[in-house]
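Report on the structure
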Amino acid sequence: MATRDAGAVPGGWQVQRIRIGEVDYPYYYGVDCLDLVLQELAALDADLFVVVTDDTVLELHGQALLPGLRALAGVEVISHPPGEAMKTLPVLAADLERVLAAGATRRSVVVGLGGGVPGNLAGVIAALLFRGVRLVHIPTTTTAAMDSVLSLKQAINSAIGKNHIGTYLPPYAVFTDVALLATLPDRELRSGLCEAAKNCLAIRPEALPRLREVLAGGELSTPAALLWLLDESVRAKSSVTVDDAREQRTGLVLEYGHTVGHAVELADHRRRGNDGVSHGEAIAFGMVVAATIAHRRGWLPAEIVELHEEVVSALGAPLRLPAGLTVDDVMDVVRDDNKRGYLPPCSESIAFVLLRELGRPAGDPGLPLVAVRLAEVREALEVVQSREPVLTGADGEVA
Ligand SMILES: NC(=O)c1ccc[n+]([C@@H]2O[C@H](COP(=O)([O-])OP(=O)(O)OC[C@H]3O[C@@H](n4cnc5c(N)ncnc54)[C@H](O)[C@@H]3O)[C@@H](O)[C@H]2O)c1
C-alpha cells in the first residue's frame, strides 16, 4: 500500500512509499523536477549508470538528464528503436554483454528511461546482472508512470506471447517528472490513461465521476490532471498488490481487459509492427469485450457496458477491432494468454477477469478469475464487432 505520510518533499515534489508484499520503494513525482532526480541519483553512489531507453526518448529528453548523470559517474546508454522489438531474447543477450563489457559491477545502477518497453527491458537487465542490481525508473509515458513502475513484474516477450519471459524485481526508486510527458503524442498519452481508467472501473469506481469530468473537459494532459491520475493509479494498484507482490492473487484484477487486449495487441503488432494498436488501446477494447461477456452472463447491466464504451471512446481507444484484424486472428492468440495455469486446465476455456459490478470482480476475491469458454469470447467479440455505433469521433468515424 502507498503510505501517504511522506507527503510533499521540499523543492516541489511528492513522495509516496509503495509497499508491495515484503518490499517497499519510494515513488517521487512532480513537475519540472529533474534537478531533484539528479540529487537523489547522486546519493546512490553508483560506479556506472546503465541508461536503458529508446531513440525517441533519448533524442527528446536525453540532454536534460545525461550531462547531469555523467557528472556523477560513468554512463552507458543502451538505446534501441522504439517498440516491442527490443523486448526480445536476442536484444537482451546483446545488451547484457555490452553492459558487462562497459564495466558494470554490483554497484552499478540500471536506469529505465522511457515508456514501459525500455522500462521492462531495463528491469530484466537489472534482475539478471550479477543476479540483481539496483533498478531506477524514470518513466516518460503515462503507461509507465501509472502502471508498469507500480509493479515488480519485469518481462520481455517470447515468439509465442507477450511478457512470457521475466522475473520480479522491485525498483530501488521511481521518479516521475510529468513535464517529460508533455512531448508525448496524444495517442500515447491517452493509451496510458486507459490503464488508469481500468483501475477506476475494476478497482476504484469512486474515482469515475472525476475521471468522466476530466475526460469531458478535455483536461487530460494538464499537469494537475496527470498528477491526480498518477495519485489515483498509485492508490488503486497499491490496494490490490499490498499483499500480493507477484500479482498472482488479488492483484490479478489488474488484468481486467488484458486477456483479449493482449491478444489484439500481439496480433496487430505481428501484422503492422509499431503502427499497430497501442497497449492501452488494446486493453481498453479488451475491457469492452469483458464487460460484454459479463453482460451476456447476466452479471452487468447494459448501462455499465455503455459506461465502458463511453470511457473507452473518450480516451480515443477503439470500440472495434483494428481494421484488417479478424475475430479469428484474435482467437488464434487468445489461447496463449499468460494467465494459463491459474485455473484447472481446460482446452475449451480460459481464465478471465470479469466484473460482477463496478469495482467488484467475479470469482474468489483471493483469485478474481473465472473460466470463460472460448466460444463465449468469440461470441462477445462478434457482438462487439456488430454493435451499432453509439459514439462517433469528430470525423464521424467510430472512435
Ligand atoms: N511490468 C508491468 O507490470 C507492465 C505494466 C504495463 C505495461 N507494461 C509493458 O509496457 C509496454 C507498453 O508501455 P508504453 O506504452 O509506455 O510503450 P513504449 O515504451 O513503447 O512507449 C510508447 C511510445 O512513446 C514514445 N515515448 C516515450 N516517452 C515519450 C515522451 N515523453 N515523449 C514522446 N514520446 C515518448 C516511445 O518512443 C514509444 O514510441 C508493454 O510492453 C507492456 O507489456 C508492463
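Residues numbered from 1 in each chain as written. Predicted model: local features only at pLDDT ≥ 70, side-chain atom pairs only at ≥ 80, totals over all residues. Heavy atoms only, no water.

Quick look at the overall build of the chain now. Along the backbone of the chain there are 13 helices and 15 strands. Expected size for 399 residues packed as a compact globule is a radius of gyration near 21 Å; at 20 Å, the chain falls within 12% of this value. For the chain, with 399 residues in total, the buried portion stands at 57%. Restricting to contacts in the chain with at least 6 residues of sequence separation, those with at least 24 account for 74%. For the chain, the computed accessible surface area is about 15800 Å², with 52% contributed by carbon and sulfur atoms. Side chains of the chain carry 36 positive and 51 negative charges; the gap between the two charge centres is 5 Å. (Helix = DSSP H or I, 4+ residues; strand = E, 2+ residues; numbered from the N terminus. Rg over C-alpha atoms; globule rule 2.2 N^0.38 Å. Buried < 20%, exposed > 50% of the residue type's maximum accessible area, 1.4 Å probe, protein only. Contact = heavy atoms within 4.5 Å. Areas by Shrake-Rupley, 256 points an atom, 1.4 Å probe, with all protein chains shown as cover. Lys, Arg positive; Asp, Glu negative; His and termini not counted. Charge placed at Lys NZ, Arg CZ, Asp CG, Glu CD.)

Moving on: the packing of helix 3 (residues 89–101) against helix 4 (residues 116–128). It is at 11 Å that the axes of helix 3 and helix 4 come closest, and there the two elements cross at 55 degrees. The angle between helix 3 and helix 4 places the two elements in the oblique class. Crossing geometry of helix 3 relative to helix 4 is assigned as right-handed. Contacts between helix 3 and helix 4 involve V91, L92, D95 and L96 from the first element and L121, V124, I125 and L128 from the second. Of the residues belonging to the contact of helix 3 with helix 4, the class tally is seven nonpolar, no polar and one charged. (Axes fitted to C-alpha atoms, helices over the stretch in contact; angles between N-to-C directions. Parallel < 35°, antiparallel > 145°, perpendicular 65-115°, else oblique. Left-handed = near helix turned anticlockwise from the far one by under 90°. Nonpolar A, V, L, I, M, F, W, Y, C, P; charged D, E, K, R; others polar.)

Around the ligand, the structure places 28 residues, and the nearest of them are E84, G116, T140, T141 and T183. A distance of 3.2 Å separates an oxygen atom of the ligand from a polar side-chain atom of S151. The backbone of L180 places a nitrogen or oxygen atom 2.8 Å from a nitrogen atom of the ligand. Taken together, the elements giving at least two residues each to the shell around the ligand come down to helix 2 (55–70) and helix 4. For the shell around the ligand, a count of residues per class yields eight nonpolar, 13 polar and seven charged. (Near = heavy atom within 4 Å. Polar contact = N/O pair within 3.5 Å; in protein donor to acceptor, adjacent residues only side chain to side chain.)

The next point concerns the domain arrangement of the chain. Each assigned domain of the chain is listed with its residue range as follows: domain 1 (2–184) and domain 2 (193–386). Averaged C-alpha coordinates put domain 1 and domain 2 at centres separated by 26 Å. Surface buried jointly by domain 1 and domain 2 totals about 2800 Å² across both partners, of which 59% is contributed by carbon and sulfur atoms. Along the contact surface separating domain 1 from domain 2 lie three salt bridges. For the pair domain 1 and domain 2, the number of links is 10 residue pairs in polar contact (both at pLDDT 80 or more). Those elements that provide at least two residues to the side of domain 1 that touches domain 2 are strand 3 (13–20), strand 4 (23–30) and helix 5 (142–146). (Domains from an automatic or database assignment. Buried area = accessible area lost by both parts, 1.4 Å probe. Salt bridge = Lys/Arg side-chain N within 4 Å of Asp/Glu carboxyl O.)

Glancing now at the nonpolar core. Counting residues in each nonpolar core, the largest one holds 89 residues, and the members touching the most others are Y27, L211, V260, V264, F352, V377 and L381. Here the element with the most residues in this core is helix 10 (residues 279–296); it accounts for 10 residues. Taken domain by domain, the makeup of this core includes at least three residues from each of domain 1 (2–184) and domain 2 (193–386). Listed in part, the 28 residues of the second largest apolar core include W13, C33, L113 and A173. (Core = buried A, V, L, I, M, F, W, Y, C linked by side-chain atoms within 4.5 Å.)

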